[in-house]
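Observations on the three-dimensional arrangement
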Amino acid sequence: MRIPIMAGNWKMNCDNDEAWDLAVAVADGVEEIEGCQVVLCPPFTALSTVEEALEGTDLALGAQDLYWADSGAFTGEVSARMLTSCGCEYVIIGHSERRGRFGKPPEDDPRLLTVFGDNDATVNRKVRAAVAADLLPIVCVGELLSEREAGQTDEVVRQQVLAALEGLAEEDILDLTFAYEPVWAIGTGQVCDAPEANRVIRLIRDLLAEKVGTAEAENLAILYGGSVSPDNIRGLMEQPEIDGGLVGGASLKAEAFCELVRVAAEVRGA
Ligand code: PGA
């Protein structure tokens, strides 16, 4: 049976004081809950603070990105080894806000749409660097609204998944957690229909099965992300293929995030 995962992507929020308070509040709030792996992904600057706050708990620490080289002249970048030295177990890779595929360019300058510039090739490099350092990648895939409207969802997701897996050994693929994050659902309040998210996640599992075999693919957790909230989590978790969430907005409120964890554990424990 797959253990659900609830990962909080704090994005560019929380200074160190705020990060400490939020991490402690989440850790306290989920202390009694069993059967759901909780992962907190603060910004780089708060990793060590959150590591300390989570000491002695079952919660895991994750980063929001990494660079594939081990060290060198890469101003502003952070390597896998730096992340493990801060206590990270997980790392988010290929979030749409990093892929430069975000549906909402800054209003004052649309040229900045691709400012972070990740693509399928850089995502693959990052995944390989992460697994080589024993980090567990949470790999984000998902289509733009225009791609969905053009009927290209399955093909876009298929390409992103296969590109992320390129060159990986079977045993490395088993360390991956994919997150299906339709770009139009992120931060918009417009959650993807639960059965439709379930369908796309099944498609991802089938692609993984082609690489690692059906039995192994059935053991891999695959998450949904995009406007997950206490209002919609139950419907999502009741879908057989959805094994948890990658949560932005609602992960910044301890009470709401703990409720997501509680429901995930309850539905899967039942
Ligand atoms: P959201 O973000 O929950 O605020 O929609 C999800 C994500 O970006 O991973």
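Before any of the text, the structure's been laid out above.
We now turn to the structure provided with this report. (Residues numbered from 1 in each chain as written. Predicted model: local features only at pLDDT ≥ 70, side-chain atom pairs only at ≥ 80, totals over all residues. Heavy atoms only, no water.)

Summing up its helical and strand segments, the chain has 12 helices and eight strands in all. With respect to the principal axes defined by its C-alpha atoms, the chain has extents near 50 × 45 × 45 Å. By the burial criterion, 54% of the 270 residues in the chain qualify as buried. Of all intrachain contacts in the chain linking residues separated by at least 6 positions in sequence, the fraction that spans at least 24 positions is 71%. For the chain, the computed accessible surface area is about 12300 Å², with 48% contributed by carbon and sulfur atoms. In the chain, 21 positive and 47 negative side-chain charges are present, and the distance between their average locations comes to 7 Å. (Helix = DSSP H or I, 4+ residues; strand = E, 2+ residues; numbered from the N terminus. Buried < 20%, exposed > 50% of the residue type's maximum accessible area, 1.4 Å probe, protein only. Contact = heavy atoms within 4.5 Å. Areas by Shrake-Rupley, 256 points an atom, 1.4 Å probe, with all protein chains shown as cover. Lys, Arg positive; Asp, Glu negative; His and termini not counted. Charge placed at Lys NZ, Arg CZ, Asp CG, Glu CD.)

The end-to-end C-alpha separation of helix α1 (residues 16–29) is 20 Å, in line with the 20 Å expected for 14 residues at 1.5 Å each. Listed as buried for α1 are Ala19, Leu22, Ala23, Val26 and Ala27. Angularly, the buried residues of α1 cover 130° about the axis, an arc narrow enough to put them on a single face. Every exposed residue of α1 that faces more than 90 degrees away from the buried side is listed here: Asp17, Asp21 and Asp28. Turning to α1, the residues buried within the fold contact β2 (37–41), α2 (47–53) and α12 (254–269). (Expected span 1.5 Å × (residues − 1). Arc of directions from axis to C-beta.)

For the pair helix α5 (residues 120–132) and helix α7 (residues 153–165), interaxial distance at closest approach is 7 Å and the crossing angle is 40°. With respect to α7, the axis of α5 lies oblique. Crossing geometry of α5 relative to α7 is assigned as right-handed. Here α5 contributes Asp120, Val123, Asn124 and Val127 to the contact with α7, which in turn contributes Gln159, Gln160, Ala163, Ala164 and Leu165. Here the contact of α5 with α7 is built from residues that sort into five nonpolar, three polar and one charged. (Axes fitted to C-alpha atoms, helices over the stretch in contact; angles between N-to-C directions. Parallel < 35°, antiparallel > 145°, perpendicular 65-115°, else oblique. Left-handed = near helix turned anticlockwise from the far one by under 90°. Nonpolar A, V, L, I, M, F, W, Y, C, P; charged D, E, K, R; others polar.)

For the structure on display, the rule yields three aromatic pairs. By the ring-pair criterion, three or more aromatic residues cluster together here, those being Tyr67, Trp68 and Phe74. (Phe/Tyr/Trp six-rings, centres within 6.5 Å; stacked < 30°, edge-to-face > 60°.)

This paragraph deals with the pattern of salt bridges. Following the criterion strictly, the structure yields 22 salt bridges and no others. For glutamate 241, the salt bridge goes to arginine 205, with nearest N and O atoms at 2.6 Å. Of this pair, glutamate 241 sits in the loop between α11 (233–237) and β8 (244–247) while arginine 205 sits in helix α9 (residues 194–212), placing them 36 residues apart in sequence. We classify glutamate 241 as buried; its relative accessible area is 8%. A single salt-bridge network, built from bridges that share partners, covers Arg2, Arg202, Arg205, Asp206, Glu218, Glu241, Asp243 and Arg268. (Salt bridge = Lys/Arg side-chain N within 4 Å of Asp/Glu carboxyl O.)

Within strand β1 (residues 5–9), five of the five residues are buried, leaving the element largely enclosed by the surrounding structure. Side chains Ile5, Ala7 and Asn9 of β1 all project onto a buried face; the interleaved residues Met6 and Gly8 project onto the opposite face, where all are buried too. Relative to β8, β1 runs parallel, the two being bridged by four bridges. Bridge pairing in β8 links alanine 7 to leucine 246. (Pairing = 2+ DSSP bridges.)

Time to look at the site of the ligand. Close to the ligand lie 13 residues, the nearest being Lys11, His95, Glu181, Gly187 and Ser227. Between the ligand and histidine 95 there is a distance of 2.6 Å, counted from an oxygen atom to a side-chain nitrogen or oxygen. For the ligand, the accessible surface in isolation is 280 Å², of which the surrounding protein chains cover 95%. When the residues that make up the shell around the ligand are grouped by side-chain class, the tally is four nonpolar, seven polar and two charged. (Near = heavy atom within 4 Å. Polar contact = N/O pair within 3.5 Å; in protein donor to acceptor, adjacent residues only side chain to side chain.)

This part covers the nonpolar core. Counting 77 residues, the largest nonpolar core has Val26, Leu40, Phe178 and Tyr224 as its most contacted members. By residue number, the principal contributor to this core is α9, which donates 10 residues. Ignoring any residue separated from it by four or fewer positions in sequence, one finds tyrosine 224 in contact with Tyr180, Pro182, Ala185, Val191, Cys192, Ala197, Ile201, Leu236, Ile242, Gly244, Gly245 and Leu246. With 13 residues, the next largest nonpolar core counts Val39, Ala60, Tyr90 and Ala179 among its residues. (Core = buried A, V, L, I, M, F, W, Y, C linked by side-chain atoms within 4.5 Å.)

Moving on, we get to unusual backbone geometry. Most peptide bonds take the trans form, and the phi angle of most residues other than glycine is negative. Phi at cysteine 14 is positive, roughly 85°, even though this residue is not glycine. Among the secondary structure elements, cysteine 14 is positioned in the loop between β1 and α1. The buried category is assigned to cysteine 14, whose relative accessible area is 19%. Not every positive phi belongs to a glycine, and aspartate 134 is a case in point at roughly 65°. Within the secondary structure, aspartate 134 is located in the loop between α5 and β5 (136–141).

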